[in-house]
Amino acid sequence: MNVDVLSYAGNLESLTHAKGHPNYAFSQTNICNAAQIATHLQQFQPDIIIHLAAESHVDRSIDGPAEFIQTNIVGTYTLLEQCRHYWGSLDPQHKQDFRFHHVSTDEVYGDLGNTSTRFTESTSYNPSSPYSASKASADHLVRAWHRSYGLPVVISNCSNNYGPYQFPEKLIPHMILSALNGKILPVYGKGDQVRDWLYVEDHARALATVATQGKIGETYNIGGNNERRNLDVVQAICSILEELRPDKPVGLGLYSDLITLVEDRPGHDQRYAIDASKITQELGWQAQENIETGLRKTVLWYLENTSWWERILNGAYRLNRQGKQA
Ligand code: DAU
């Protein structure tokens, strides 16, 4: 069962392959709505909750933190409380099988600066933005519900995701679509910030592994082991486009001519990098894509799925979000 409020980044057109499947159900529900969550839990009787619902964009959290506090903190609290009541009502066998998997971010650990260290599961929390502070807060609530009430939880903290179906506010899809439309490619500051890129299918495999095999009460870091400077990522996108889409918008020489250094993000974290050795050693997961193979797949996907993103850019996808799949 997929529960989603369908705020601005929710898009049922990303789920057409699931529509109509006998094992799939969807409900347009806000995780802050305790009564609706309680009803879904009683009616659907899940064994596992994977909690991915969040406001996730750092720039938006700086412009308006309120929704981040509401969804990421109050929403997580609401889910935890409803899951605690539901879990308490289960018979012993189902009670033992149940688990709550909270999906979080490496941003809770803060900024690695120019060091060569990486985040482990025991790195201290030191969030920088309203977004990462709200996720850190949610992680603490999840651990408290485990310790105080015994709720069976697992937590995972991932690095930067990219790949098909990503909402075009994030760096990689934003740059691909802007380049295709002949718009500037705005790189914050000097473009020397470093992110550790994780292909979405690798993350999905890791989530399935943690949700089903992770040890209760444990945290697992999930990273792509693919650190790159932002400017290098944007230049790599331009090179792939030169090869795959040589006929450019009128008057454009090279895609890379569109790269423009713009004012930096306030409080911008310099570097994130994940040490994923725990999930590799204990659960046998490791990333299968590197940034070169993953970026090529991603650019190809956006080239082949123009109607998906055109309907986002022109707002048409919003017409298709009243709780029913079109
Ligand atoms: O590390 C995991 C996190 O990755 C997730 O928890 C967040 O939900 C997700 O949004 C992402 O956070 P970032 O802030 O790292 O991602 P974003 O795509 O916004 O930016 C990636 C880097 O690129 C960052 O250093 C800012 C920079 N950037 C971003 C945009 C959108 C630019 O230089 N220009 C841009 O237009």
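The written sequence of each chain sets the order in which its residues are numbered from 1. With pLDDT at 70 or above as the cut-off, local features in this predicted model cover only qualifying residues; side-chain atom pairs require 80 or more to be listed or tallied, and sums for whole chains, interfaces and linings still use all residues. Calculated side-chain values reflect all of the structure's heavy atoms, with hydrogen atoms and water omitted.

What is the right way to look at the UniProt feature "domain: NAD(P)-binding" (unreviewed entry) in the protein in this model?
UniProt positions are given in the numbering used here, feature names are shortened, and annotations may be inferred rather than shown by experiment. Within the UniProt annotation, "domain: NAD(P)-binding" (unreviewed entry) is assigned to residues 6-298. Strands are runs of DSSP state E lasting at least two residues, helices are runs of H or I lasting at least four, and both sets are numbered from the N terminus onward. Along residues 6-298, the helical share is 41% and the strand share 15%, with 24 Å between the first and last C-alpha atoms.

Any chance you could explain the sheet that holds strand β10 (residues 227-229) here in plain terms?
Two pairing modes exist for strands in a sheet, parallel and antiparallel, and in both the strands are linked by backbone hydrogen bonds. By the convention used here, strands pair only if DSSP detects at least 2 bridges between them. Strand order in this open sheet of three strands is β6-β8-β10, and the pairing throughout is mixed. With partners counted over all chains shown, the strands left at the sheet margins are β6 (160-162) and β10, one partner each. Adjacent strand axes in the sheet meet at a mean angle of 50 degrees when their direction is disregarded. Pairing analysis gives three bridges linking β6 to strand β8 (residues 194-199), with the strands arranged parallel. Paired with N161 across the two strands is L198, which belongs to β8. Angles shown run from 0 to 180 degrees and are taken between the N-to-C directions of axes, each axis being a line fitted to C-alpha atoms and, for helices, limited to the stretch in contact.

Help me out: how do you make sense of unusual backbone geometry in this one?
Positioned with a positive phi, Y165 is a non-glycine residue whose angle comes to about 65 degrees. With respect to the helices and strands, Y165 occurs in the loop between β6 and α6 (171-180). In this model, N225 sits at a positive phi of 55 degrees, which is unusual for a non-glycine residue. Along the polypeptide, N225 turns up in the loop between β9 (219-222) and β10. Take N225: its relative accessible area is 60%, and that puts it in the exposed class. A 1.4 Å probe rolled over the protein chains alone gives each residue an accessible area, and that area as a share of the maximum for its type sets the label: buried under 20%, exposed over 50%, partly exposed in between.

For this particular structure, what's the right way to read the packing of aromatic side chains?
What characterises a pair of aromatic rings is the spacing of the ring centres plus the angle enclosed by the ring planes. The aromatic pairing rule takes the rings of Phe, Tyr and Trp, using the six-membered ring of Trp, and pairs them if the centres are within 6.5 Å, calling planes under 30 degrees apart stacked, those over 60 edge-to-face and the rest tilted. All told, the structure shown has 16 aromatic pairs when counted by the stated rule. With a centroid separation of 5.6 Å and an interplanar angle of 90 degrees, the aromatic rings of Y109 and Y125 are classed as edge-to-face. Residue Y109 is located in the loop between β4 (99-105) and α5 (130-149), and its partner Y125 is located in the loop between β4 and α5; the two are separated by 16 residues in the primary sequence. Under the relative-accessibility criterion, Y109 is labelled buried at 4%. Ring geometry for Y165 versus W301: centroids 4.6 Å apart, planes at 55 degrees, classification tilted. With Y165 in the loop between β6 and α6 and W301 in helix α10 (residues 291-304), this pair connects stretches of sequence that are 136 residues apart.

Sorry if this is basic, but what is going on with the environment of A54 here?
Residue position: A54 is located in the loop between β3 (48-51) and α2 (58-63). Since its relative accessible area comes to 31%, A54 is described here as partly exposed. With residues up to four places along the chain from it excluded, the contact list for A54 reads T71, N72 and K135. Any two residues whose heavy atoms approach within 4.5 Å at even a single point are treated as in contact.

So what exactly am I meant to see when it comes to the layout of surface pockets here?
Rolled over the atoms, a probe sized like a water molecule indicates the empty space that remains. Taken as a whole, the second largest pocket encloses approximately 180 Å³ of empty space. Think of a 1 Å grid over just the protein atoms. A cavity is a set of points where a 1.4 Å probe fits yet cannot get out, a pocket is an open set with protein on both sides within 12 Å along at least five of seven lines, and lining residues have an atom within 4 Å of a point. Lining the second largest pocket we find R118, G223, G224, N225, I274, D275, A276, S277, T280, W285, Q286 and A287. Three categories are distinguished: nonpolar for Ala, Val, Leu, Ile, Met, Phe, Trp, Tyr, Cys and Pro, charged for Asp, Glu, Lys and Arg, and polar for the others, with Gly belonging to the last. Taken together, the residues of the lining of the second largest pocket break down into four nonpolar, six polar and two charged. Grid points are joined across faces, edges and corners, and a volume is the space filled by probe spheres set on the points.

Hey, could you run me through the environment of L261 in this one?
Assignment of secondary structure puts L261 in strand β11 (residues 259-262). In this structure the C-alpha to C-alpha distance between L261 and D47, which are 214 residues apart in sequence, comes to 48 Å. Every residue in contact with L261, bar those within four places of it in the chain, is listed here: V187, G189 and K190.

I tried to follow the pattern of salt bridges on my own but got confused; where do I start?
Pairs may arise between side chains of opposite charge once their charged atoms sit close together. Salt bridge criterion: a side-chain nitrogen from Lys or Arg within 4 Å of a carboxyl oxygen from Asp or Glu. Applying the stated criterion to the full structure yields 13 salt bridges. Between R60 and E169 there is a salt bridge, with its nearest N and O atoms 2.7 Å apart. Taken as a pair, R60 in helix α2 and E169 in the loop between β6 and α6 lie far apart in primary sequence, 109 residues in all. One network of salt bridges, in which partners are shared, links R60, E169 and K170.

I tried to follow the side chain of E169 on my own but got confused; where do I start?
The exposure class assigned to E169 is buried, which follows from its relative accessible area of 15%. There is a polar contact of 2.7 Å between the side chain of E169 and the side chain of R60. Sequence-distant contacts of E169, defined by excluding residues within four places in its chain, comprise Y8, H57, R60 and H174. Contacts described as polar in this section are N or O atom pairs within 3.5 Å, which, within protein, must combine one atom able to donate a hydrogen with one able to accept it, while residues neighboring in sequence count only if both atoms come from side chains.

Help me understand the site of the ligand, please; the structure alone is not making it clear to me.
Around the ligand, 24 residues are found, and the nearest of them are S56, T105, D106, Y131 and R265. A distance of 2.7 Å separates an oxygen atom of the ligand from a polar atom in the backbone of S56. One of the side-chain nitrogen or oxygen atoms of R195 is found 2.8 Å away from an oxygen atom of the ligand. Note on areas: these come from Shrake-Rupley sampling with a 1.4 Å probe, and a residue is covered only by the protein chains present in the view. For the ligand, whose free accessible area comes to 690 Å², the fraction covered by protein is 95%. Where the shell around the ligand is concerned, the elements lending two or more residues are α6 and β7 (185-188). Each residue belonging to the shell around the ligand can be placed in one class, and the counts come to nine nonpolar, nine polar and six charged. The cutoff for a nearby residue is simple: one of its non-hydrogen atoms must lie within 4 Å of the molecule or strand.

Could you clarify how one ought to interpret the nonpolar core in this entry?
Among soluble globular proteins, nonpolar side chains are generally buried collectively. Within this scheme, the nonpolar core is defined by two criteria: the residues are buried Ala, Val, Leu, Ile, Met, Phe, Trp, Tyr or Cys, and they are joined through side-chain atoms within 4.5 Å. If you look at the biggest cluster of nonpolar residues, it comprises 33 residues, and the most contacted ones within it are I172, I176, L180, I237 and L241. Of all the elements in the fold, those that place two or more residues in this core are α6, β7, β8, α8 (230-244), α10 and α11 (306-313). With seven residues, the top contributor of residues to this core is α8. In this view, L241 contacts I176, A179, L180, P246, Y255, V299 and L303; residues no more than four positions away in its chain are not counted. Judged by nonpolar contacts, the second largest core, of 17 residues, contains I37, I49, Y86 and W87.

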